[in-house]
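Overview (structure and organization)
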Amino acid sequence: MTTTLEQLDSDQQLQVGSPILWQTVVWDDPVNLMTYVTRVFRSYFGYSRAEAERLMLLVHHEGRAVVASGNREEMERHVQALHGYGLLATVSKEQ
Amino acid sequence: MHITRESGGVGLTCAEGERELILVFAAQLNETLVSGMHGDPARELLFPSAYPDDPVEAEQFSRYTHDALVATKRAAALEVIKALLAVRNIDSDNENVDINNMVVNIGTNIWQWLTFLTDVRRVLSQRIADAEGGDESLQEAFDWFGILHEGILAASDDSVSDAS
């Protein structure tokens with residue numbers, strides 16, 4: 001059984017220990033073709049065709065889509081790779 | 001132009017003029033990348049900011065990634081040039097070949113061609129936007145490179161493993 005004190009302690013730890021999450025955001029642009037964006041998502045992230053298409057359509061209709069989240073270093077690696085593919089990608093803090 | 005899937009990868013059959021068009025743009029892109037692109041508006045297009053709202057972070061990201069990205073983009077342009085020159089050499093060595101029906105070996109270098117074509121189209125889109133009243137020949141090139149891009153993508157489709 002958890003005592004109130006322990007409960008409080010673990011809650012605090014949760015708060016202090018939660019790292020800021022970062023996101024990789026891909027933006028719509030007039031150059032890239034929809035099929036290409038889908039292929040990049042499948043190939044680079046290993047997403048299923050359905051997931052890659054869902055994300056591509058989000059980019060197309062909403063103007064942007066969060067395609068990954070995690071620590072900042074990892075997100076910067078993704079953005080660098082996506083720039084290599086010619087996609088417009090940015091790093092941002094999770095909202 | 002037609003694109004086929006062969007045992008050794010993807011092949012592009014196109015006319016001499018079309019091969020020369022790709023070659024010209026590949027050489028231009030390579031030169032643009034070599035020049036360092038300081039003050040060139042194409043720089044922002046080819047190397048977008050990772051932190052559009054934070055110039056300090058953006059600069060730092062650029063400092064760490066720019067050289068590697070330039071190297072990758074140049075390698076892609078040079079691979080395209082190599083494949084086109086290989087055809088040009090066959091063509092000049094043999095009087096009996098049909099120069100408008102020769103196969104450029106894209107092989108398995110699919111991503112280098114796709115990223116190269118993406119970069120070329122990005123630079124072209126800017127040049128079209130800059131040309132007052134538009135520029136028909138640039139627009140035609142932009143569209144043609146788009147068809148080529150789609151064709152390579154379609155021809156290589158089942159070679160990409162689907163994680164689903």
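Just so it is clear, the model here is predicted, and its values are computed rather than measured.

Another aspect to go through is helix H5 (residues 136–155) of chain B. Spanning 20 residues, H5 of chain B covers 28 Å between terminal C-alpha atoms, matching the ideal 28 Å at 1.5 Å per step. All buried positions along H5 of chain B are accounted for by Ala 141, Leu 148, His 149, Ile 152, Leu 153 and Ala 155 of chain B. Where the residues of H5 of chain B are buried, they touch helix H2 (34–45) of chain A together with strand S1 (2–6), strand S2 (9–14), helix H1 (16–34), strand S3 (102–107) and helix H4 (110–130) of chain B.

Before going further, it helps to examine the packing of H2 of chain A against helix H3 (residues 49–62) of chain A. Residue and element names in this part refer to chain A. Their axes nearest at 8 Å, the elements H2 and H3 cross at an angle of 130°. The angle between H2 and H3 falls in the class oblique. You can see that H2 and H3 cross each other, and the crossing is right-handed. Contact residues: H2 offers Met 34, Val 37, Thr 38, Phe 41 and Arg 42, while H3 offers Arg 49, Ala 52, Glu 53, Leu 55, Met 56, Val 59 and His 60. When its residues are assigned to classes, the contact of H2 with H3 shows seven nonpolar, two polar and three charged.

Note on sheets: strands pair through backbone hydrogen bonds, and any given pair is parallel or antiparallel. Residue and element names in this part refer to chain B. The antiparallel open sheet is built from three strands, whose spatial order is S1-S2-S3. Taken across any chain shown, the strands that pair with only one partner, and hence form the sheet edges, are S1 and S3. Each adjacent strand pair in this sheet contributes to an overall mean axis angle of 30°, direction not counted. Here five bridges tie S1 to S2, and the two strands are oriented antiparallel to one another. Bridging across to S2, His 2 finds its partner in Thr 13. Set on the sheet, H5 makes contact with S1, S2 and S3; between it and S1 the angle comes to about 20°.

Now for the interface of chain A and chain B. Interface size is often expressed as the accessible area that is lost when the parts come together. Every contact between the two is made by 24 residues of chain A and, on the other side, 24 residues of chain B. Going through the elements one at a time, H2, H3, helix H4 (72–85) and strand S3 (88–93) of chain A are the ones with two or more residues in the side of chain A that touches chain B. Here the side of chain A that touches chain B gets six residues from one element, more than from any other, and that element is H4 of chain A. Split by residue class, the side of chain A that touches chain B holds 10 nonpolar, 10 polar and four charged.

Moving on: H1 of chain B. Residue and element names in this part refer to chain B. An ideal rise of 1.5 Å per residue puts 27 Å on 19 residues; H1 measures up with 27 Å between its terminal C-alpha atoms. For H1, every residue scored as buried is listed here: Arg 19, Ile 22, Phe 25, Ala 26, Leu 29 and Leu 33. The buried residues of H1 occupy an angular sector of 130° when projected down its axis, which confines them to one face. Those residues of H1 that are exposed and aimed more than 90 degrees away from the buried face are Gly 17, Glu 20, Val 24, Glu 31 and Val 34. Positive backbone phi, at 90°, marks Gly 36, one or two positions downstream of H1.

Here we take up the sheet that holds S3 of chain A. Residue and element names in this part refer to chain A. Here we have three strands laid out as an open sheet, ordered S2-S1-S3, and antiparallel in their pairing. Edge positions in the sheet fall to strand S2 (64–70) and S3, since each of these pairs with one other strand and no more. Sheet twist, expressed as the mean angle between neighbouring strand axes with direction ignored, is 25°. Here strand S1 (residues 22–27) pairs with S2 via six bridges, running antiparallel. Looking at S2, one finds that Val 25 is bridged to Val 66. Most of the contacts of H3 go to S2, to which it runs at about 135°, and overall it touches S1 and S2. Taken strand by strand, H4 contacts S1, S2 and S3, and its axis lies near 170° from that of S3.

What counts as what
- Residues numbered from 1 in each chain as written.
- Chains lettered and ligands numbered in written order.
- Predicted model: local features only at pLDDT ≥ 70, side-chain atom pairs only at ≥ 80, totals over all residues.
- Helix = DSSP H or I, 4+ residues; strand = E, 2+ residues; numbered from the N terminus.
- Expected span 1.5 Å × (residues − 1).
- Buried ≥ 20, exposed ≤ 12 C-beta atoms within 10 Å, placed from the backbone.
- Contact = placed C-beta atoms within 7 Å.
- Axes fitted to C-alpha atoms, helices over the stretch in contact; angles between N-to-C directions.
- Parallel < 35°, antiparallel > 145°, perpendicular 65-115°, else oblique.
- Left-handed = near helix turned anticlockwise from the far one by under 90°.
- Nonpolar A, V, L, I, M, F, W, Y, C, P; charged D, E, K, R; others polar.
- Pairing = 2+ DSSP bridges.
- Arc of directions from axis to C-beta.

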